[in-house]
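# Coordinate inspection notes
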Amino acid sequence: MEIGFYPGCSLKGTSSEYAQSTLALAKAFGINLVEITDWNCCGATAAHNMNHDLAVALPARVLALAEKDGMKEIVVPCAACYNRLSVTQHDLNKDKELKKRVEEILQMPLSGNLEILNVMQFIDKYIADKIEEKVAKPFDHKVVCYYGCLLVRPQEVLKFDRLEDPQSMDILMAKIGATSLEWGYKTECCGAGFSVSRTDIVGKLSGKIVKDAIDRGAEAIIVACPMCQSNLDMRRPHIDSYLKMKTNIPAMFITQAIGLAVGVSREDLGLKKLFVAPAFV
């Protein structure tokens, strides 16, 4: 089976282990994720602050290229990319004048019928009902699931999971034998794009997330967003400085946790690329 795949910029750079583990997990279940031809940056967190037409045209081009490739659905692991592509398709389908203007800019047609899946939706649709029978080594650890800001917002557009207390990641963790703990920071902000310009803010916001996870007794923070993972993992020195303590709890991608449970190797999951490595692997 082949399904379209939009890695976005992060999965080709700082979060290459997310792409690596997503592709490896899909392969373990007989699914081939095929990259969209000649894809471009979706504009992420910056474009819509600068120019509205550019902010729409960038993700719209990705959608148009996927349609040109004959794709009916695409998997978009990055929460920011998923948000931008989904919101853009929603806005274009709602505003005919905007759609016409963007098609003229791109010189490409848009049907607006592409199904856009984040990682949890992809796993739910194609993998979830096969996970338990394929588990080779149960992920017998206490975890907290961190959804971040963008994955479930805006709810009226994405229509994905519950806004304040999402459950999809927790349900998937239970399928691999993990104990998903209740905690208060499921959808709190990690600092997002301030990672470079204001690492002090990231240290504070991400520090609160890490501290609550530790206080709950979690052995790992499970994430599905490259920016969130990067802030919780790479910015650990700033987090530790804010908390005034050394922290060792890893921030792992959900694809890495599920991959471990179903027998995918550490190397194929990119676990060596984590700054804070899981001690239990």
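Scoring rules and cut-offs
- Residues numbered from 1 in each chain as written.
- Predicted model: local features only at pLDDT ≥ 70, side-chain atom pairs only at ≥ 80, totals over all residues.
- Heavy atoms only, no water.
- Helix = DSSP H or I, 4+ residues; strand = E, 2+ residues; numbered from the N terminus.
- Expected span 1.5 Å × (residues − 1).
- Buried < 20%, exposed > 50% of the residue type's maximum accessible area, 1.4 Å probe, protein only.
- Polar contact = N/O pair within 3.5 Å; in protein donor to acceptor, adjacent residues only side chain to side chain.
- Arc of directions from axis to C-beta.
- Phe/Tyr/Trp six-rings, centres within 6.5 Å; stacked < 30°, edge-to-face > 60°.
- Pairing = 2+ DSSP bridges.
- Domains from an automatic or database assignment.
- Contact = heavy atoms within 4.5 Å.
- Buried area = accessible area lost by both parts, 1.4 Å probe.
- Salt bridge = Lys/Arg side-chain N within 4 Å of Asp/Glu carboxyl O.

### Quick notes on helix 3 (residues 52-68)
Across its 17 residues, helix 3 extends 24 Å between first and last C-alpha, which sits within 8% of the 24 Å expected from 1.5 Å per residue. Every buried residue of helix 3 is accounted for by Ala55, Val56, Ala57, Pro59, Ala60, Val62, Leu63, Ala64, Leu65, Ala66 and Glu67. For helix 3, the N-terminal capping position is held by Asn51, with its side-chain oxygen 3.1 Å away from the main-chain nitrogen of Asp53. Of the residues one or two after helix 3, Gly70 is the one with positive phi, at around 85°.

### What about helix 13 (residues 236-243)?
Since one α-helical turn is 3.6 residues long, residues separated by three or four positions face the same way. The complete set of buried residues in helix 13 reads Arg236, Ile239, Asp240 and Leu243. Considered in projection along helix 13, the buried side chains sweep an arc of 95° and stay on one side of the axis. Of the exposed residues in helix 13, the ones pointing more than 90 degrees away from its buried face are Pro237 and Ser241. The first or second residue beyond helix 13 is Lys244, which carries a positive phi of 60°.

### Here's the deal with the packing of aromatic side chains
One pass over the structure, following the stated rule, counts six aromatic pairs. Ring centres 6.0 Å apart and planes at 45° place the aromatic pair Phe122 and Tyr126 in the tilted group. Here Phe122 pairs with Tyr126, and both are found in helix 6 (residues 119-126), just four residues apart, close to one helical turn. Here the two residues Phe122 and Tyr126 agree in accessibility, since each one is buried. A centroid spacing of 6.3 Å and a plane angle of 70° characterise the contact between Tyr146 and Trp183, whose relative ring orientation is edge-to-face. Separated by 37 residues along the polypeptide, Tyr146 in strand 5 (residues 142-146) and Trp183 in the loop between strand 6 (179-180) and helix 10 (194-197) bring together distant segments of the chain. The pair Tyr146 / Trp183 is uniform in exposure class, with both members buried. The structure contains a cluster of three or more aromatic residues connected by ring pairs, namely Tyr146, Trp183 and Tyr185.

### Observations regarding the pairing of strand 1 (residues 2-5)
Sheet topology note: the strand 1/strand 2 (residues 32-35) ladder contains four bridges and is parallel. Bridge pairing links Phe5 to Glu35 in strand 2. In this structure, strand 1 lies alongside strand 3 (residues 73-75), joined through two bridges in parallel fashion. In the sheet register, Gly4 faces strand 3, and the bridge partner there is Ile74.

### Digging into the domain arrangement of the protein
The domains assigned to the protein are domain 1 (2-119) and domain 2 (137-260). Tallying the contact residues gives 19 residues for domain 1 and 17 residues for domain 2. A buried area of about 1600 Å², summed over both sides, lies between domain 1 and domain 2, and 73% of it is on carbon and sulfur atoms. Where domain 1 packs against domain 2, one counts zero salt bridges. The interface formed by domain 1 and domain 2 holds three residue pairs in polar contact (both at pLDDT 80 or more) in total. Within the residue set of the side of domain 1 that touches domain 2, elements represented by two or more residues are helix 1 (16-28) and helix 4 (79-94). Here the element with the most residues in the side of domain 1 that touches domain 2 is helix 4; it accounts for seven residues.

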